[in-house]
Structure formats: structure tokens, C-alpha cells
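# A closer look at the structure
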Amino acid sequence: MSRTSGTPTIGVLALQGDVREHLIALAAADAVARPVRRPEELADVDALVIPGGESTTMSKLAVIFGLLEPLRERIREGMPVYGTCAGMIMLANKILDGRDDQETVGGIDMIVRRNAFGRQNESFEAAVDVKGINDGPVEGVFIRAPWVESVGGAVDVLAVHDGHTVAVRQGNVLATSFHPELTGDHRMHALFVDSVAKTLGT
Ligand SMILES: NC(=O)CC[C@H](N)C(=O)O
């Protein structure tokens, strides 16, 4: 697998969802960012963002595009991944209120409840304090957002909103219920890019 030295190359899973916004946020956070649709493209990035969108559709497309197993394998090998909203659902080892045939790639020992914060018209914004971001809360945009119902012992809870866990990390895998890519505040992406650079030793 080819890897850049210096600036990490970070893919955005481009099956469905708000891919463009993540590409922009990653570039602003000093990463080389590119869309990933095919297994060969996945093999060629140092790390991956799984965007917000619709996890049931993303799951179906991941199967059709032959990406589900390659994704699981790269995550098992330690590739850093950041999932937002639907991306968080994709990174859950187990989900509640999913569709019966819905697959996840897994990576975080957590149970995530889909659409837990309510429907589209119950979407909201809230200031969220995130462990590791010290210069003020981030603006959390929650759109049909999931929450983390429970986590295993190896999972670090990074943020809680209204008594519900909304940001977590396990090893190299990071997930948020909310969408920092929609705010123009790139600190969550910078946090991820920094952790990728550390993992690569650049
Ligand atoms: N904004 C989002 O990513 C919404 C996630 C969506 N509710 C899902 O189940 O995938």
C-alpha cells in the first residue's frame, strides 16, 4: 500500500452522504483529502472519514461496491477512521433501531441507537465540549443523529450531550453523533488529522 510521508492522505468514503464537506474540512486541517469508492482507492489512503448521510444506504452500497470486507480488514489492521453521524453508525460493533439487513463495518466496541435524537424536524445545534479540544466547545449539528447507548472498557468517551454520549474514541477510531464538517470549524478534523500523523509517525 502506498503511503505519503509528511502530510497524511485521508480518504472520504464516497458512496453516499456529505462527502464534499469532509474533503473541504480535511484540506483545511492540512491533510491531502480524496474520495474513496473502490477497494483500490481504499488501499491507497492512510486513513478514512465515513461521512454523514444515510447508514442503511451506505451499508447497501458498501456491499455492492465490494468495500465492506476491505473496510473491516483495514480497520482491524489499525487504519485510523473518523465517522460522523451515519459514519458513527457504520463504526458501531452493534446498532439498535437499524434495518434488519443493515451491515456495519464496526471498529468501536459500542452500541449505537440510530435516529435516537429524533426525526429530521427535531434536528438541532448545541455547544459540545469535546475532550482533547481545549479552546472552547464545538458547535454540534445533530441531524437525525444517533447516540451511543453503551460502550466497552476500551472506549474513551469524548463528549456527552444531554446525558447521552455523542463522541467516542477507541484506539485509532473516532466517532461523533454530530457533523463538524457542516460548521466551518475544523477543530474536530484537526484532532483527527493530528492523531493520523502521530499513528504514521510523521
Ligand atoms: N445525518 C445523518 O448522518 C443521519 C444518519 C441517519 N439517521 C442514519 O441512520 O444513517
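Residues numbered from 1 in each chain as written. Predicted model: local features only at pLDDT ≥ 70, side-chain atom pairs only at ≥ 80, totals over all residues.

- The name given to the protein chain in an unreviewed UniProt entry is Pyridoxal 5'-phosphate synthase subunit PdxT, with Streptomyces zagrosensis as the source organism.
- Its UniProt record gives the protein chain the following Pathway (unreviewed entry) comment, quoted word for word: "Cofactor biosynthesis; pyridoxal 5'-phosphate biosynthesis." (UniProt positions renumbered as here; feature names shortened; annotations may be inferred.)

## Concerning the overall build of the protein chain
- When helices and strands are tallied, the protein chain shows six helices and 12 strands.
- Its C-alpha atoms give the protein chain a radius of gyration of 15 Å, within 12% of the compact-globule value 17 Å for 202 residues.
- The principal-axis extent of the C-alpha atoms belonging to the protein chain is close to 40 × 40 × 35 Å.
- The 202 residues of the protein chain split such that 48% are buried.
- Sequence-distant contacts in the protein chain: of pairs separated by 6 or more residues, those separated by 24 or more amount to 68%. (Helix = DSSP H or I, 4+ residues; strand = E, 2+ residues; numbered from the N terminus. Rg over C-alpha atoms; globule rule 2.2 N^0.38 Å. Buried ≥ 20, exposed ≤ 12 C-beta atoms within 10 Å, placed from the backbone. Contact = placed C-beta atoms within 7 Å.)

## Observations concerning the UniProt feature "binding site: L-glutamine" (unreviewed entry) in the protein chain
- Per the UniProt record, "binding site: L-glutamine" (unreviewed entry) is annotated on Gly53, Glu54, Ser55, Arg114, Ile143 and Arg144. In summary, the annotated positions, though distributed over 92 residues, converge in three dimensions, the widest C-alpha pair being only 12.7 Å.
- Within the fold, Glu54 resides in the loop between strand S3 (47–50) and helix H3 (55–64).
- Those residues in contact with Glu54 that sit more than four places away from it in its chain are Gln16 and Ala86.
- Mapped onto the fold, Ile143 is located in the loop between strand S8 (138–142) and strand S9 (147–151).
- Beyond its immediate sequence surroundings of up to four residues, Ile143 is in contact with Gly52, Cys85, Ser123 and His179.

## Let's talk about the UniProt feature "active site" (unreviewed entry) in the protein chain
- Taking the UniProt record as the reference, the feature "active site" (unreviewed entry) is found at Cys85, His179 and Glu181. These annotated residues cover 97 residues of sequence, and their C-alpha atoms all fall within 10.9 Å of one another, placing them together at a single site.
- Mapped onto the elements of the fold, Cys85 is located in the loop between strand S4 (81–84) and helix H5 (86–90).
- Within the element layout of this structure, His179 appears in the loop between strand S12 (173–176) and helix H6 (187–200).
- Taking the C-beta count within 10 Å as the criterion, His179 has 27 such neighbours and is therefore assigned buried.
- With residues up to four places along the chain from it excluded, the contact list for His179 reads Gly52, Thr84, Cys85, Val141 and Ile143.

## Regarding the site of the ligand
- In the vicinity of the ligand, the residues found are Gly52, Gly53, Glu54, Ser55, Cys85, Ala86, Ile89, Arg114, Asn115, Ile143 and Arg144.
- By residue class, the composition of the shell around the ligand is four nonpolar, four polar and three charged. (Near = placed C-beta within 6 Å. Nonpolar A, V, L, I, M, F, W, Y, C, P; charged D, E, K, R; others polar.)

## Focus: the pairing of S3
- Along S3, one buried face is formed by Ala47 and Val49 and the opposite face, lined by Leu48 and Ile50, is buried too.
- Bridge count between S3 and S4: three bridges; the pairing is parallel. Looking at S4, one finds that Val49 is bridged to Tyr82. (Pairing = 2+ DSSP bridges.)

## Structural notes on the nonpolar core
- Counting 63 residues, the largest nonpolar core has Ile10, Leu48, Val81 and Leu91 as its most contacted members.
- If you tally residues by element for this core, the top one is H6, at five residues.
- For Leu48, the contacting residues outside a window of four places in its chain are Ile10, Gly11, Leu13, Val36, Met79 and Val81. (Core = buried A, V, L, I, M, F, W, Y, C linked by C-beta atoms within 7 Å.)

## A short note on helix H4 (residues 68–76)
- Every buried residue belonging to H4 is among Leu71, Arg74 and Ile75, and all of these are buried. Here the buried residues of H4 occupy an arc of 100° about the axis, which is enough to place them on one side. The exposed set on the far side of H4, more than 90 degrees from its buried face, consists of Glu69 and Arg76.
- Those residues of H4 that are buried are in contact with helix H2 (39–43), H3, S4 and S12.
- Phi turns positive, to about 105°, at Gly78, one or two residues after H4. (Arc of directions from axis to C-beta.)

## Some points on unusual backbone geometry
- Positive phi is not limited to glycine here, since Asp30 has a value of about 70°.
- Note that Asp30 resides in the loop between helix H1 (19–28) and strand S2 (32–36).
- Even without glycine at this site, Asn115 takes up a positive phi of about 55°.
- Of note, Asn115 is situated in the loop between strand S6 (108–113) and strand S7 (124–128).

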